[in-house]
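The primary structure of each chain is shown beneath.
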Amino acid sequence: MSLRMKQHYIEVCTEQNQPVNPFIAEMLTQTEEQGSSASTLKLCGNNRLVKVQRVIDEDFLSLSQVLKKHIFITNLDLRYNNLSDNGAIYIADFLQNNSSLFYLNLMGNDIGTNGSEHIAEALKSNESILSLRMTGNKIGNKGGMVFASMLQINSTLEELDLGDCDLLQKKCIFTFKEYTTIHLAEMLKLNKTLTELHLCKHEMTDFGVQRLCDALLENSHLKYLDLGCNKITRDGVKCLADVLKSNKTLEILDLSSNRMEDEGVIYIAEAIHLYNNSLKALSVVSNNITGKGLQALTAAIKANDCLLYVYIWGNILDKDASEAFSHLLESGRLSLLSTDVRPYTVDGRVYLAELFHGLKKNYYWTPSYGMADDSVCNSVFAVIND
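Sequence order as written defines residue numbering, which begins from 1 separately in each chain. Local features in this predicted model are restricted to residues whose pLDDT is 70 or higher, and side-chain atom pairs enter the listing and the counts only when it is 80 or higher, whereas totals over whole chains, interfaces and linings include all residues. Hydrogen atoms and water are omitted, and side-chain values are computed over all heavy atoms in the structure.

Under the annotation held in an unreviewed UniProt entry, the protein carries the name Leucine rich repeat containing 34 and is attributed to Hymenochirus boettgeri.

Encoded structure:
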């Protein structure tokens, strides 16, 4: 490197008559000090260790000129900044001329439909990006459909996160809410590279889940499906259970904060008990499940050697549920590091306490330096690294 990144960045800002963002300058310095082993540039707006001046559109325009010259940066983390549609246009232009960036995290910015369309269009020709996270932006139904269309052409992207992207539009007919889901389902029938798809907080109903299930019966590549925080009931879960009976690829299924209740989890338990031998991690957190459903789930876990991570906190953990999971843990079939409950006894009765483990323990924030907690406590890390 003939020119250090921080110095190069300051010179570019001067040429563009753009103020230097001290946060960017500091993180460029820290990254370069780590030497050749550094491949990630963390510019997270929620950084707890460095004084943060959040990245805006013009900041990225200057930064992109630096990244073009320093291609050892393969992972760019821009979570929780103030990037808007104009910034997304700059990002799209950067992606069209970049072949070294593999991972791009834009979670929690202010990118709307127009900006998402530019990024999706850029990814049609980009052959390097493996992972894109758009969680918490405002791309709308149209933006979601554009990403679905892009994935029918793109043959590189492996991970896509469209969670909580403001897809619900008020004063619209019922099916319009599910347009993105329908288009993504059609995409899954054709796409052969996507392995991870996040669709949490999509206002998804059983109608949308049924469309996804139809596609998953034809898809043999998706390994991680996140449907948390939707409106999925036992009927939609029954469709998913039918998929699990024949699908041999899916390894992680997140159904947290839905409405499956006992009937829904019993459908899942039956599939796990008798048919499925590929699912490794399952979350049914906060689904109004009682001891009846959780007893069926524990019986299925005992009969299934593949399912290693199970999360149940937030349900109705009555006496039957507490005893069933206590016996499961005592038997050694399930480890305390691979679930989110720990049994304890008061006056001869078993209760369950919450453990801070789960599918997404380090999803919204990760340590700014050093290693995250034991990956076994976070099944996403553990399964993917396995």
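## Considerations on unusual backbone geometry
Formally: Put simply, DSSP H or I for four residues or longer makes a helix, DSSP E for two residues or longer makes a strand, and each gets a number counted from the N terminus.
One non-glycine residue with positive phi stands out, namely Asn17, at about 55 degrees. As for its position among the elements, Asn17 is in the loop between helix 1 (5–15) and helix 2 (22–33).

## Focus: the pairing of strand 12 (residues 349–354)
Spelled out, the test is: Pairing between strands is defined by DSSP: at least two bridges between the two strands are required.
One ladder, built from 6 bridges, connects strand 11 (residues 341–346) with strand 12; its direction is antiparallel. Looking at strand 12, one finds that Val341 is bridged to Glu354. Between strand 11 and strand 12, which pair antiparallel in sequence order, lie 2 residues; one of them, Asp347, sits at a positive phi of approximately 50 degrees.

## Brief notes about the packing of helix 4 (residues 85–96) against helix 5 (residues 113–123)
Let me state the cut-off plainly: Axis definition: a line fit to C-alpha positions, over the contact stretch in the case of helices; interaxial angles, taken between N-to-C directions, run 0 to 180 degrees. For classification purposes, an angle smaller than 35 degrees is called roughly parallel, one larger than 145 roughly antiparallel, one from 65 to 115 roughly perpendicular, and anything else oblique. In what follows, residue pairs with any heavy atoms lying within 4.5 Å of each other are defined as contacts. Residue type decides the class: Asp, Glu, Lys and Arg count as charged, Ala, Val, Leu, Ile, Met, Phe, Trp, Tyr, Cys and Pro as nonpolar, and the leftover types, Gly among them, as polar.
Between helix 4 and helix 5, the least distance of the axes is 8 Å, while the angle of their chain directions is 5 degrees. One way to sum up the angle between helix 4 and helix 5 is to call them roughly parallel. Each of Asp85, Ala88, Ile89, Ala92, Leu95 and Gln96 in helix 4 lies in contact with helix 5, whose residues at this interface are Thr113, Asn114, Gly115, His118, Ile119, Ala122 and Leu123. By residue class, the composition of the contact of helix 4 with helix 5 is 7 nonpolar, 5 polar and 1 charged.

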